[in-house]
Amino acid sequence: MARLPAAVSAGFLLVSACVRSVPTPDVPPPQEEPSQVIARIQDWEDRRSLGGGDLVRFATSAPEVAVRVRAFRALARIQDVATLDTVIAGLTAPDKAVRDEAAFAAGELAQSWEPLPEDARTALTEALVRAEATEADGWVRITLLEALGKLATPGAVEVLTARLSPASGPWSEAAATALGVAARKAGAAAVANVPLEAIRALLKSRERIEVNLAGAYLLAASKRPDAVDALRSCLANAHPDVMALCAKGLGDVGSPRDTLALNMMLGGATPRVSAEAARALAKLAAKCEAGSPCAPLLALEDKAYLAKRVAEGKAEQGHALLAVAQQGLPLQGRPVLSRLRSALAEADRAAVSDEAHADLAWLDCRFAAAMDRQQGTLEQVLQCGYGRVPEARWLALGLHEVAQFKGQPTGAAFAVPYLNHVSPIVRGAALDALAERPEPEALAPIRALIGGGDAVVAGLAAAAAGKLKDAEALPALEALADRVPKEPDLAEAVAGALVVLKGRAAEPRLREWLTHPHANVRRIAAESLTSLTGQPVHSARVELPPETYRPPAAPPGTTLTLRTRKGDITVLLDPDAPLTGGNLMALAKKGYFRGITFHRVVPDFVAQGGDPRGDGEGGPGYSIRCEMTRRPYARGTVGMALSGKDTGGSQFFFTHSPQPHLDGRYTAFGEVTQGMDVVDALLEGTVIDDVIVGTRAP
């Protein structure tokens, strides 16, 4: 607003004083329509603003329930510990819809990307425990139990454990799932004292299959050696997701004697069950004694026929093979990997389509990379993929796998030449390998990459220099740190290297980042300063300016149809995440996704795409704010891939099975309404030909 000249301003104040001295009747300010207030809340939410205190006021005292509910949703998404008292007060609000939304907001505070201070965790635990004990509404109580699981404190676990029994009770399903989430967040030790008999009762319940599923989720997450018999028993459950979870659990705590039961599940009709069985067998193979017959390896070698299924166009059967290659096998299992590669090559000669040829080629490179991981050097990937996988992709895959080599420490001199490769994803993968296995001749080229134009490679080079403790890289690192204000994605790598190479001398710069506009930069600065100083450091919320970029909102009923080489997948966007859906809608209209592949497929977990680089590090050049919804991550949910708070861009994922630990952590913004069989058939390298924007028929 234009500023008045001083003389005019003084005169205006005198006149105003005279006017105010005349008594006038009270005139109430004009009342806004609820829709107008909600629009303001939407704006504050996206700018991470509390509206000068108005957002809290609306949450606590707006006359319309819809406004109060929407205000609490905004507080949930903003995740500011300063609003903790407001959220706690909302847990006892008169209206159940408000209490429910306040409970959701409590859960979002509990799992903030930047962890809550200990006193806040204590206060939130006490408030949730009190609210859960007195809540009369069933749905609100379930939301409170979910929030306790996200909090995962001992007090929260104690309440959840008490709600497990009886298995047919109204809270057992929610409590078991919440305990599984707590185990995923705080570690299996957090639920070690949960009575095993209470979990067994859930698995035996005949009330609803959802109760069995919740019990299996908790059992798999708890990783208890004393639960092996329960896991073996629940393999017989008829529900595929229960079977898959029990197979997963056996892979973690079972033994090679479980081979027969797992082998019976491998190659079945449900791809995600077969994949979990195959992954479990690969894990159990590592428990075999060297030089002795290994039943899990024999079972996996016997499944070479799955390659023929892929060649016949049944790509979903490739998930079991992909799971084995991703998990890897001990060196004793090298002949098995070689046998499976031979089966892929043989099947390729009879493949029924170009897509089947492509699937077999990408699987071949996965197995080649798994073999190279066993010996710690690039060899097999140099001849993988039958000439159909781009060089940059198989090279990067091989280098990333070799970086995970667990054998006798050796150098990685073979990776040094790849620091100059034309492809940035290969340069990044070479840095990954060299960071784990140092080579003196790599130091100079790594320093040069820190100053390069590709921000992803520069960040990876900075991280490598930090791991290698290369003090001579400091000048280049300082110059890269100067880029963080405009390139926030660099922050994590740069901060890690600064802490290693400068120690407490890095503190001033990191404290500057505590007020950076990007939430993830502030989180990284706070975590780095905490490690440096030995004292808890927390950042403050920073309000974004009104001109901050936001995509156009997707209208209700908007659909996105992904045209892939395996068929179409139609997604109905969630109106509760209008900007997240609108972002992908806008990118789709520009043709952004044409030719992009699904670069990450983890069987029985997610299929992820949307990265133009193809290595999981790419995006559209900007980020959007998270819009956490109440949509659970069920089978076929569509979520936004993130590397921290408010880091969404263009990468998205489909879930193959329920994933409760993702609820409220990653924006769930839609569901697959057609083409779930295509989602099941996606493999690494599957191409997206286009994404078409449409509208659901009324």
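First, a word on what this report is: a plain description of the structure on this page. (Residues numbered from 1 in each chain as written. Predicted model: local features only at pLDDT ≥ 70, side-chain atom pairs only at ≥ 80, totals over all residues. Heavy atoms only, no water.)

**Re the overall build of the protein chain**
Thought 1: Looking only at helices and strands, the protein chain features 31 helices and 8 strands.
Thought 2: The C-alpha radius of gyration of the protein chain comes to 27 Å, within 12% of the 26 Å expected for a compact globule of 698 residues.
Thought 3: Out of the 698 residues belonging to the protein chain, those deemed buried represent 58%.
Thought 4: Considering only contacts in the protein chain between residues 6 or more positions apart, those separated by 24 or more positions represent 70%. (Helix = DSSP H or I, 4+ residues; strand = E, 2+ residues; numbered from the N terminus. Rg over C-alpha atoms; globule rule 2.2 N^0.38 Å. Buried < 20%, exposed > 50% of the residue type's maximum accessible area, 1.4 Å probe, protein only. Contact = heavy atoms within 4.5 Å.)

**Regarding the packing of helix α9 (residues 154–162) against helix α10 (residues 172–186)**
Each pair of packed helices can be summarised by the angle the axes make with each other and by the distance between the axes.
Thought 1: Running from N to C, α9 and α10 cross one another at 150°; their axes reach a closest spacing of 9 Å. Taken together, the axis directions place α9 and α10 in an arrangement best described as roughly antiparallel. Judged by the sense of rotation from one axis to the other, the crossing of α9 with α10 is left-handed. Facing Val157, Leu160 and Thr161 of α9, the residues of α10 in contact are Ala175, Ala178, Leu179 and Ala182.
Thought 2: When grouped by side-chain class, the residues that make up the contact of α9 with α10 number 6 nonpolar, 1 polar and no charged. (Axes fitted to C-alpha atoms, helices over the stretch in contact; angles between N-to-C directions. Parallel < 35°, antiparallel > 145°, perpendicular 65-115°, else oblique. Left-handed = near helix turned anticlockwise from the far one by under 90°. Nonpolar A, V, L, I, M, F, W, Y, C, P; charged D, E, K, R; others polar.)

**Notes on unusual backbone geometry**
Thought 1: Cis geometry is found at the peptide bond from serine 165 to proline 166, where omega equals -5°.
Thought 2: Not every positive phi belongs to a glycine, and tyrosine 386 is a case in point at roughly 55°.
Thought 3: Within the fold, tyrosine 386 resides in the loop between α21 (354–375) and α22 (391–402).
Thought 4: With a phi close to 55°, lysine 469 is a non-glycine residue in the positive phi region.
Thought 5: The residue lysine 469 is located in the loop between α25 (455–467) and α26 (474–481) in this model.

**Observations concerning the pattern of salt bridges**
Oppositely charged side chains are able to pair whenever their charged atoms sit close together.
Thought 1: Following the criterion strictly, the structure yields 57 salt bridges and no others.
Thought 2: Here lysine 283 and aspartate 252 are joined by a salt bridge, their closest N and O atoms 3.0 Å apart. Highlighted residues: lysine 283 in helix α16 (residues 271–285) and aspartate 252 in helix α14 (residues 240–253), separated in sequence by 31 residues.
Thought 3: With a closest N to O distance of 3.0 Å, arginine 279 and glutamate 276 form a salt bridge. (Salt bridge = Lys/Arg side-chain N within 4 Å of Asp/Glu carboxyl O.)

**With respect to the state of the cysteines**
Thought 1: Within this structure, the stated rule accounts for 3 disulfides.
Thought 2: Two residues share a disulfide in this structure: cysteine 234 and cysteine 246, whose sulfurs sit 1.6 Å from each other. The sign of the S-S torsion, about -125°, decides the handedness of the disulfide formed by cysteine 234 and cysteine 246: left-handed. Within this pair, whereas cysteine 234 is found in helix α13 (residues 228–234), its partner cysteine 246 is found in helix α14, the two being separated by 12 residues in sequence. Grouping residues by exposure puts cysteine 234 and cysteine 246 together as buried.
Thought 3: The disulfide partner of cysteine 288 is cysteine 294, and the S-S distance across this bridge is 2.1 Å. One disulfide, between cysteine 288 and cysteine 294, carries an S-S torsion of 70° and so falls in the right-handed class. With respect to burial, cysteine 288 and cysteine 294 carry one shared label: buried. (Disulfide = S-S within 2.5 Å.)

**Here's the deal with the sheet that holds strand β5 (residues 637–640)**
Thought 1: The antiparallel open sheet is built from 8 strands, whose spatial order is β3-β4-β6-β5-β7-β2-β1-β8. Pairing within the sheet leaves two strands with one partner each, and these edge strands are β3 (598–602) and β8 (688–695). Strand after strand, the sheet turns through a mean of 25° between neighbouring axes, direction not considered.
Thought 2: In terms of strand pairing, strand β2 (residues 567–573) meets strand β7 (residues 668–674) through 4 bridges, oriented antiparallel. (Pairing = 2+ DSSP bridges.)

**Some remarks on α9**
Given 3.6 residues per turn, any residue in an α-helix points the same way as the ones three and four places further on.
Thought 1: All buried positions along α9 are accounted for by Ala156, Val157, Val159 and Leu160. One side of α9 holds all its buried residues, which, seen down the axis, span an arc of 160°. For α9, exposure combined with an orientation more than 90 degrees from the buried face picks out Pro154 and Glu158.
Thought 2: Of the surrounding elements, those touching the buried residues of α9 are α7 (118–134), α8 (138–151) and α10. (Arc of directions from axis to C-beta.)

**So, the packing of aromatic side chains**
Thought 1: Under the counting rule described, the total for this entry stands at 10 aromatic pairs.
Thought 2: Here the aromatic rings of tryptophan 113 and tyrosine 666 are separated by 5.9 Å at their centres, their planes lie at 85°, and the arrangement is edge-to-face. Of the two residues, tryptophan 113 is situated in the loop between α6 (96–110) and α7 and tyrosine 666 in the loop between β6 (652–655) and β7; the sequence distance between them amounts to 553 residues.
Thought 3: Exposure remark for tryptophan 113: the relative accessible area of 14% places this residue in the buried category.
Thought 4: Overall, tyrosine 666 belongs to the partly exposed group, its relative accessible area being 21%. (Phe/Tyr/Trp six-rings, centres within 6.5 Å; stacked < 30°, edge-to-face > 60°.)

**Some details on the pairing of β6**
Thought 1: Burial along β6 is two-sided: Phe652 and Phe654 facing one way and Phe653 and Thr655 facing the other are all buried.
Thought 2: Both strand β4 (residues 606–609) and β6 contribute to a ladder of 4 bridges, which runs antiparallel. Bridged to glycine 609 within β6 is phenylalanine 652.
Thought 3: The pairing of β5 with β6 spans 3 bridges and is classified as antiparallel.

**Brief notes about the side chain of serine 650**
Thought 1: Relative to the helices and strands, serine 650 is located in the loop between β5 and β6.
Thought 2: Residue serine 650 is classed as buried on the basis of its relative accessible area of 1%.
Thought 3: A polar atom in the side chain of serine 650 sits 2.9 Å from the side chain of tyrosine 592.
Thought 4: Within polar-contact distance, the side chain of serine 650 engages the backbone oxygen of glycine 610 at 2.7 Å.
Thought 5: Apart from the residues lying within four places of it in its own chain, the contact partners of serine 650 are Leu587, Tyr592, Phe593, Gly609, Gly610, Pro612, Gly619, Pro620 and Met640. (Polar contact = N/O pair within 3.5 Å; in protein donor to acceptor, adjacent residues only side chain to side chain.)

**Some details on the environment of proline 409**
Thought 1: Mapping proline 409 onto the fold places it in the loop between α22 and α23 (424–436).
Thought 2: The spacing of proline 409 and proline 438 is 29 residues in sequence and 9.9 Å in space, taken between C-alpha atoms.

**Side note on the pairing of β5**
Thought 1: What you see with β5 is no split at all: Thr637 and Gly639 on one side and Val638 and Met640 on the other are buried throughout.
Thought 2: Both β5 and β7 contribute to a ladder of 3 bridges, which runs antiparallel. The residue bridging glycine 639 from the neighbouring strand is alanine 668, located in β7.

**Quick word on the nonpolar core**
Thought 1: Leu124 and Phe654 are the most contacted members of the largest nonpolar core, which has 162 residues in total.
Thought 2: The element contributing the most residues to this core is helix α12 (residues 209–222), with 9 residues.
Thought 3: Ignoring any residue separated from it by four or fewer positions in sequence, one finds phenylalanine 654 in contact with Leu562, Ile569, Val571, Phe598, Phe605, Val606, Ala607, Thr637, Val638, Val672, Val679 and Leu682.
Thought 4: By size, the runner-up hydrophobic cluster in this structure holds 64 residues, among which are Leu399, Ala430, Leu468 and Ala495. (Core = buried A, V, L, I, M, F, W, Y, C linked by side-chain atoms within 4.5 Å.)

None of the figures reported here should be taken as evidence of function without further support.
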